[in-house]
Structure formats: C-alpha cells, structure tokens
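The primary structure of each chain is shown beneath.
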Amino acid sequence: QRTNPRGIAVHNGGLFVPVGSGALAGTVQRFDLTTGVQTTFIASTFGGNPILQTPWDVAFRANDVLVTDSTADRLL
C-alpha cells in the first residue's frame, strides 16, 4: 500500500516516489516504467537505525541522489 506519496523523479527508466505514511512510510519506492514492478529503492532503516523519517522529495544528480527529510529537517 502506498499512501501519502510526495515529490517524484524519473530516472533511468524508473519513477521514484518518497512515501510519507502507511506501511511503506519513510521509504523511497521505485516503479519500473516498462514493467510497472515496484521495489524499495531506499528503506526506512539500515542495520536497525532510521535513515528516513518523512521523506519529501527526491532528486538525481550525476553520481548521487538527494532526498529531503522533513521530520529531521535534513537533506540526505
């Protein structure tokens, strides 16, 4: 279930959507534009530690990706 989608980005054949609430809260989901398959691009935790709390937008640059987190007031 995807609730409260935020800003989106299209990159390398995928649609990337930060999710603010619901079962996938705190993640960035990737949708393949050819097959429609959904995968988690950025999980909400890594090694039990939170990565994102309330992701708001995603932007791709030449060699990395930036994600804003409105709860923590930071850019990752």
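One can find the structure itself at the top, above this paragraph.
Residues numbered from 1 in each chain as written. Predicted model: local features only at pLDDT ≥ 70, side-chain atom pairs only at ≥ 80, totals over all residues. Heavy atoms only, no water.

Student: Would you mind going over the overall build of the protein with me for this structure?
Tutor: Helix and strand counts for the protein come out as zero helices and ten strands. Reading the helices (α) and strands (β) of the protein from amino to carboxyl end gives β-β-β-β-β-β-β-β-β-β. Taking all 76 residues of the protein together, the buried fraction comes to 26%. Within the protein, contacts between residues at least 6 apart in sequence are counted, and of these 23% link residues at least 24 apart. (Helix = DSSP H or I, 4+ residues; strand = E, 2+ residues; numbered from the N terminus. Buried < 20%, exposed > 50% of the residue type's maximum accessible area, 1.4 Å probe, protein only. Contact = heavy atoms within 4.5 Å.)

Student: Even after reading the chapter, I still don't get the environment of Ala-59, so can you show me in this structure?
Tutor: By the element assignment, Ala-59 lies in strand β8 (residues 55-60). Each C-alpha atom of the pair Ala-59 and Val-10 lies 8.9 Å from the other, and the pair is 49 residues apart in sequence. Not counting residues within four places of it along the chain, the set of residues in contact with Ala-59 comprises Asp-64, Val-65 and Leu-66.

Student: Help me understand the environment of Gly-20 in this model?
Tutor: With respect to the element layout, Gly-20 can be found in strand β3 (residues 14-21). For the pair formed by Gly-20 and Gln-53, sequence separation is 33 residues and the distance between their alpha carbons is 7.9 Å.

Student: Mind showing me how you'd approach the pattern of salt bridges here?
Tutor: When the charged atoms of two side chains lie near each other, side chains of opposite charge can form a pair. Counting across every chain of the model gives two salt bridges. Of the charged contacts in the structure, one is a salt bridge between Arg-30 and Asp-32, with a shortest N-O distance of 3.7 Å. Given the relative accessible area of 22%, Asp-32 is considered partly exposed. (Salt bridge = Lys/Arg side-chain N within 4 Å of Asp/Glu carboxyl O.)

Student: I'm lost on the packing of aromatic side chains in this one. Help?
Tutor: Each aromatic ring pair is summarised here by two numbers: the centre-to-centre distance and the angle between the ring planes. Going through the model one piece at a time under the given rule, you end up with three aromatic pairs. Pairing Phe-41 with Phe-60 gives two aromatic rings, centres 6.0 Å apart and planes at 50 degrees, and the pair type is tilted. Remark: Phe-60 occurs in strand β8 and Phe-41 occurs in strand β5 (residues 38-42); sequence separation between them is 19 residues. Phe-41 gets classed as partly exposed once you look at its relative accessible area, which sits at 36%. Of the aromatic side chains, those joined through ring pairs into one cluster are Phe-16, Phe-41 and Phe-60. (Phe/Tyr/Trp six-rings, centres within 6.5 Å; stacked < 30°, edge-to-face > 60°.)

Any link to function would need more than the numbers given here.
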